[in-house]
Amino acid sequence: MEIRQTFSVILSLISALIFETQIHAQRSEKDWWKTTTIYQIYPRSFKDSNGDGVGDINGIYEKLDYIKDMGIETIWIQPFYRSPMADLGYDVSDFREIDPIFGTMEHFKRLLKEIHSREMKLLLDMVPNHVSDESEWFKKSIEREEPYTDFFVWQNMNGTDDDGKPIPPNNWRSVFGGSAWQWNAERRQFYLRQFSARQPDLNFRNPNVREAFKEVMRFWLDLGVDGFRIDAVMFLVEAAHLEDEPFYSLSKQSHSLGDSYPYPYPYPSPYGEDEYSKMNHIYTINQPETYEITHEWRVFLDEYSSKNNKTIIMCSEAYTDMGHLMKYFGNDTHRSVHFPFYFGLVGINYQTSAVKMNELVHAFTDSMPPHGVANWVMSNHDNSRVASRLGRMFVDGMNMVCLLLPGVASVYYGDELGMEDAPVRWDQRQDPNNGGGGRTDLRDAYRAPMQWDDSTNSGFTINSRPWLPLHPDYVYKNVAAQLKESESHLKIFKRLMELRKSPIIKDGELDTCPLSKWVFMYVRKLEGHPLVLVVVNMGSETESVCAKICSDYLPDVMKVHTASVNSGYRIGDDFNVVYSRSTFCSRLRPKAGVVLTDSGSISSAPYSLSFSSSLVSCTMIVLAALNF
């Protein structure tokens with residue numbers, strides 16, 4: 001009888017383990033996006049397959065194995081829709097067609113198929129705020145052809161000036177400069193354009209516009225894409241009353257972006273000298289109706305997901321204060337985007353302290369609603385690259401910080417190599433708008449071609465002249481070279497990506513601490529798993545790392561799991577994190593980083609199929625014994 005009871009207990013334990021294994025597997029598949037790593041590709045600059053000097057869809061296809069080998073799970077491709085390129089693709093003339101410069105629909109379908117065959121996901125850039133003035137929607141709206149008459153925000157003139165020129169309806173300003181209202185002589189009205197004059201704003205107060213945009217999404221979803229990144233979401237709706245926007249005082253409190261504004265702004269700085277920056281944009285951004293629209297989209301995407309048994313996600317771009325940013329999450333019963341991109345880290349530079357880094361991390365994690373998922377962005381097409389802002393030696397350190405924090409990580413192509421902003425001359429400029437708002441930097445510098453090898457034009461194109469010049473350091477800083485090196489930014493990135501897939505990083509708790517003014521550290525911990533300690537020296541002098549001062553549960557000595565190329569440490573080295581009479585704390589060089597553990601190795605698989613199969617076999621044996 002005792003033996004039978006013992007078997008029953010064992011059987012219960014085994015059954016519970018099998019059930020937990022199945023539940024975990026289901027949860028991991030359902031919630032793939034919550035811990036994914038997004039690789040952002042600016043298609044013009046990734047790989048040119050046909051020799052015209054411009055990157056294209058087939059170029060991305062050629063490099064899928066490279067992306068997969070890095071450990072990337074999700075690819076985000078920026079706009080490749082048909083466009084006159086007045087804003088380099090963010091002025092879409094037809095959302096259902098691919099611009100010939102990037103390829104064909106057949107090229108896209110093959111790319112998508114091969115992405116999925118490698119068990120990766122694909123996000124597309126959606127640009128809902130505006131279209132090109134060459135769009136058929138806009139042309140029909142000018143002609144007042146239904147249902148397009150009110151597809152855009154049209155308003156009558158407010159009289160004429162002394163020269164007989166039409167006066168705009170109010171004082172609203174465009175991000176790219178000048179009035180936000182553009183006169184159309186044919187229709188004899190102004191249309192709203194918060195960006196370029198060639199980018200008329202859609203009227204999202206019109207239900208027909210909302211439905212039309214859902215159909216655009218459905219078109220790409222039916223082809224099989226896995227979600228969308230929504231561009232410039234906070235500009236979607238403007239106040240219906242059209243009152244003038246006020247100018248703000250010099251105090252932050254009076255500005256629409258508020259105290260929790262996460263710098264930098266890819267549009268104008270809120271404290272700049274241009275006229276857009278001097279205005280408090282309380283009527284043209286983050287309007288209440290905007291959140292209703294994103295909620296509608298979420299409902300639409302969730303319904304599509306349910307019908308197709310496939311999780312579709314939506315993330316959004318909004319450079320705004322934390323209060324408004326959190327609203328894009330929605331709440332438990334009124335969901336909105338799956339996550340809004342957080343840009344608090346794209347502005348840190350070599351003067352940023354560990355104290356500030358800690359504040360920026362917690363600004364987001366402490367503000368999220370219960371269902372919220374954190375996300376981390378280091379660089380993008382609108383802001384200077386990590387290596388240029390913080391120095392080329394801090395690339396590994398920033399990759400450690402962003403890849404091992406909880407939630408989603410977004411990686412801008414080339415940051416795995418430590419690519420820097422290219423020295424683009426003014427006569428080589430391609431971006432016609434440059435972000436607007438009085439910016440003096442060239443966004444082209446952040447969009448230079450990917451550096452593949454040391455051949456002419458770094459293997460990006462066989463054309464004698466790429467669309468933008470490459471950084472001249474491509475002769476030694478490139479994919480081919482870093483794959484051959486025993487230690488390189490790329491190899492460190494790949495090692496971090498392996499660690500990122502472990503249960504500790506996917507599900508572990510976060511404990512952060514500015515160990516000193518310049519040393520930032522955090523611990524990832526999960527019961528039953530090794531501790532992971534990330535330490536980076538953001539300063540200019542070598543610093544002692546007495547990490548137990550912050551986290552007394554750490555062991556006195558830890559092992560180096562990953563070390564930056566400039567750290568002086570190697571995998572497996574001992575690292576002292578406590579000061580005692582017999583030992584000193586280990587020291588970390590300036591701009592260096594290390595990832596430490598309290599054990600030799602960390603598995604990236606929470607459960608193995610072989611283990612689950614063994615459990616099943618064991619259960620069968622126990623059952624047979626009990627029957628016997």
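Calculation notes
- Residues numbered from 1 in each chain as written.
- Predicted model: local features only at pLDDT ≥ 70, side-chain atom pairs only at ≥ 80, totals over all residues.
- Heavy atoms only, no water.
- Helix = DSSP H or I, 4+ residues; strand = E, 2+ residues; numbered from the N terminus.
- Contact = heavy atoms within 4.5 Å.
- Areas by Shrake-Rupley, 256 points an atom, 1.4 Å probe, with all protein chains shown as cover.
- Axes fitted to C-alpha atoms, helices over the stretch in contact; angles between N-to-C directions.
- Parallel < 35°, antiparallel > 145°, perpendicular 65-115°, else oblique.
- Nonpolar A, V, L, I, M, F, W, Y, C, P; charged D, E, K, R; others polar.
- Phe/Tyr/Trp six-rings, centres within 6.5 Å; stacked < 30°, edge-to-face > 60°.
- Buried < 20%, exposed > 50% of the residue type's maximum accessible area, 1.4 Å probe, protein only.
- Disulfide = S-S within 2.5 Å.
- Lys, Arg positive; Asp, Glu negative; His and termini not counted.
- Salt bridge = Lys/Arg side-chain N within 4 Å of Asp/Glu carboxyl O.
- Polar contact = N/O pair within 3.5 Å; in protein donor to acceptor, adjacent residues only side chain to side chain.
- Core = buried A, V, L, I, M, F, W, Y, C linked by side-chain atoms within 4.5 Å.
- Patch = residues over 30% accessible without salt bridge, like charges linked within 9 Å, V, L, I, M, F, W, Y side chains within 5 Å.
- Charge placed at Lys NZ, Arg CZ, Asp CG, Glu CD.
- Pairing = 2+ DSSP bridges.

Draft legend 1. The arrangement of the overall build of the chain in detail. Regarding its fold elements, the chain presents 15 helices and 21 strands. Of the contacts made within the chain by residues no fewer than 6 positions apart, 70% connect residues no fewer than 24 positions apart. Carbon together with sulfur atoms contributes 51% to the accessible area of the chain, which is approximately 25,500 Å² in total.

Draft legend 2. Molecular detail of the packing of helix H4 (residues 105-117) against helix H6 (residues 207-223). At a minimum axis separation of 10 Å, H4 and H6 run at an interaxial angle of 60°. Taken together, the axis directions place H4 and H6 in an arrangement best described as oblique. Seen from H4, the contacting residues are Met105, Phe108, Lys109 and Leu112; seen from H6, they are Phe219, Trp220 and Leu223. Each residue belonging to the contact of H4 with H6 can be placed in one class, and the counts come to six nonpolar, no polar and one charged.

Draft legend 3. Highlighting the packing of aromatic side chains. Scanning all chains against the criterion turns up 41 aromatic pairs. Measuring from centroid to centroid gives 5.7 Å for Phe138 and Trp154, while their planes differ by 5°, and the two rings are stacked. On the criterion of sequence distance, the pair formed by Phe138 in helix H5 (residues 136-142) and Trp154 in strand E6 (residues 154-155) is long-range, its members being 16 residues apart. The exposure class assigned to Phe138 is buried, which follows from its relative accessible area of 3%. Trp154 gets classed as buried once you look at its relative accessible area, which sits at 7%.

Draft legend 4. How the structure looks around the side chain of Asn358. As for its placement among the helices and strands, Asn358 is situated in helix H9 (residues 354-365). In this structure, Asn358 is in contact with Thr512, Cys513, Pro514 and Phe520, ignoring residues within four places of it in sequence.

Draft legend 5. Quick peek at the state of the cysteines. Counting across every chain of the model gives two disulfides. Residue pairing for Cys513: its cysteine sulfur links by disulfide to Cys550, the two sulfurs lying 1.9 Å apart. With a gap of 37 residues between them, Cys513 in strand E14 (residues 509-514) and Cys550 in the loop between strand E17 (543-544) and strand E18 (557-563) connect regions that are remote in the sequence. Through a disulfide, Cys546 is tied to Cys585; the S-S separation comes to 2.1 Å. Disulfide Cys546-Cys585: the torsion about the S-S bond is 120°, which places it as right-handed. Of the two residues, Cys546 sits in the loop between E17 and E18 while Cys585 sits in the loop between strand E19 (574-576) and strand E20 (587-588), which places them 39 residues apart along the sequence. As far as burial versus exposure is concerned, Cys546 and Cys585 are alike and both buried. Numbered in order of appearance, the disulfide-bonded cysteines of the chain are paired 1-3, 2-4.

Draft legend 6. Layout of the side chain of Arg389. Note that Arg389 resides in helix H10 (residues 386-390). Despite its burial, Arg389 pairs with no opposite charge; the closest candidate is Asp415, at 6.7 Å N-O. A polar contact of 2.8 Å, which involves the side chain of Arg389, links it to the backbone oxygen of Ile348. Here Met378 takes part through its backbone oxygen, which lies 3.1 Å from a polar atom of the side chain of Arg389.

Draft legend 7. Representation of the nonpolar core in the model. By size, the foremost hydrophobic cluster in this structure holds 149 residues, and its most contacted members are Tyr39, Phe108 and Trp220. No other element matches the seven residues that H6 contributes to this core. The next biggest cluster of nonpolar side chains, apart from the first, holds 21 residues, and it includes Val519, Tyr569, Val577 and Leu596.

Draft legend 8. Molecular detail of a negative patch on the surface. On the surface, Glu143, Glu145, Glu146, Asp150 and Glu186 cluster together to form a negatively charged patch. Examined against the element boundaries, Glu143 turns out to sit in the loop between H5 and E6. Residue classification places Glu143 among the exposed positions, given a relative accessible area of 51%.

Draft legend 9. A look at the environment of Asn156. In this fold, Asn156 is placed in the loop between E6 and strand E7 (181-184). Put simply, Asn156 and Trp183 are 27 residues apart on the chain and 9.4 Å apart in space, counted from C-alpha to C-alpha. Those residues within four positions of Asn156 in sequence are excluded, and the remaining contacts are Pro169, Gln189 and Phe190.

Draft legend 10. View of the sheet that holds strand E2 (residues 74-77). Within the open sheet, the eight strands sit side by side as E11-E10-E9-E5-E2-E1-E13-E12. Their pairing is parallel. Two strands bound the open sheet, and with one partner strand each, they are strand E11 (339-340) and strand E12 (375-377). On top of the sheet, helix H7 (residues 288-308) reaches strand E9 (227-230) and strand E10 (313-316); it is set at about 160° to E10, its chief contact.

Draft legend 11. Layout of the sheet that holds strand E8 (residues 189-192). Read from one edge to the other, the open sheet built from three strands follows the order E6-E8-E7, with strand pairing classed as antiparallel. With partners counted over all chains shown, the strands left at the sheet margins are E6 and E7, one partner each.

All quantities given are derived from atomic positions and should not be read as evidence of function.
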